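# Report on the structure
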Amino acid sequence: MLKVGTKAPSFQLPDQDGEMHTLEEYRGKKVILYFYPKDNTSGCTKQACGFGERYPQFKEKGAVVLGVSKDSVASHKKFQEKYGLPFTLLSDTDLVAIKAYDVWQEKKNYGKVYMGIVRTTYLIDEEGKIAKAFDKVKAAENPGQMLEELG
């Protein structure tokens, strides 16, 4: 997990429409950068829909919401369309940002050990520094929690 106060790692990733995004293009805005394991799974859907429902409030507070997983651009497009998600989903199939943000970790499920994304949310300030960091977040509660963090 990255430390609060450190510079957020830069990235260049495609969104659900194949358009490239960098962290630098969001300077001057607060960025909620959340990493999730997989499109169309129950927890990830709850989290994404929670951010979607509160999206007008995030915008009102000058914040941008970016979801990141290792799913493909096509998978993100289907996920976005299925649930009408109004924010950007970034595809990191090469795990570049996922590893830079220290969310690719060993996980255990039913006794099986494997590498995967640990559900983590970072709040990045207007200067590109990590203002808050939350690991092992609860999917359904995370959007409301992040709205509260914005004040």
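Worth saying up front: this structure is predicted, and the values here are computed from it rather than measured. (Residues numbered from 1 in each chain as written. Predicted model: local features only at pLDDT ≥ 70, side-chain atom pairs only at ≥ 80, totals over all residues. Heavy atoms only, no water.)

## As for the packing of aromatic side chains
Tallied over the full model, the rule gives 11 aromatic pairs. A centroid spacing of 6.4 Å and a plane angle of 90° characterise the contact between Phe35 and Tyr122, whose relative ring orientation is edge-to-face. One end of the pair, Phe35, is in strand β3 (residues 30-35); the other, Tyr122, is in strand β8 (residues 120-124), and 87 residues separate them in sequence. Considered together, Phe35 and Tyr122 belong to a single accessibility category, that of buried residues. For the pair Tyr101 and Tyr122, a centre-to-centre distance of 5.4 Å together with 55° between the ring planes defines the contact as tilted. Taken together, the residues span a long stretch of sequence, with Tyr101 in the loop between α4 (96-100) and β6 (104-109) and Tyr122 in strand β8 at a distance of 21 residues. Lying across the ring of Tyr114, Lys112 places its NZ or CZ 5.5 Å from the centre. (Phe/Tyr/Trp six-rings, centres within 6.5 Å; stacked < 30°, edge-to-face > 60°. Helix = DSSP H or I, 4+ residues; strand = E, 2+ residues; numbered from the N terminus. Buried < 20%, exposed > 50% of the residue type's maximum accessible area, 1.4 Å probe, protein only. Lys NZ or Arg CZ within 6 Å of the ring centre and 35° of its normal.)

## Things to note about helix α5 (residues 142-149)
Every buried residue of α5 is listed here: Asn142, Pro143, Gly144, Met146 and Leu147. Those residues of α5 that are buried are in contact with β3, α1 (42-53), α2 (55-60), β8 and β9 (130-135). Of the residues trailing α5, Gly151 is marked for its positive phi of about 85°. (Contact = heavy atoms within 4.5 Å.)

## Re the sheet that holds strand β5 (residues 88-91)
Overall, mixed pairing links the five strands, which are arranged β5-β4-β3-β8-β9 in an open sheet. The open sheet has two edge strands, β5 and β9, and neither has a second partner. Ignoring strand direction, the axes of neighbouring strands in this sheet form an average angle of 20°. As defined by bridge partners, β3 adjoins β8 across five bridges and the pair is classed as antiparallel. (Pairing = 2+ DSSP bridges. Axes fitted to C-alpha atoms, helices over the stretch in contact; angles between N-to-C directions.)

## Brief notes about the side chain of Asp39
By secondary structure assignment, the location of Asp39 is in the loop between β3 and α1. Here Asp39 occupies a buried position and makes no salt bridge, while the nearest side chain of opposite charge, Lys38, is found at 7.1 Å. Side chain to side chain, Asp39 and Tyr36 meet in a polar contact 2.5 Å long. The contacts of Asp39, once residues within four sequence positions are left out, are Ser69, Asp71, Ser75, His76 and Phe79. (Lys, Arg positive; Asp, Glu negative; His and termini not counted. Salt bridge = Lys/Arg side-chain N within 4 Å of Asp/Glu carboxyl O. Polar contact = N/O pair within 3.5 Å; in protein donor to acceptor, adjacent residues only side chain to side chain.)

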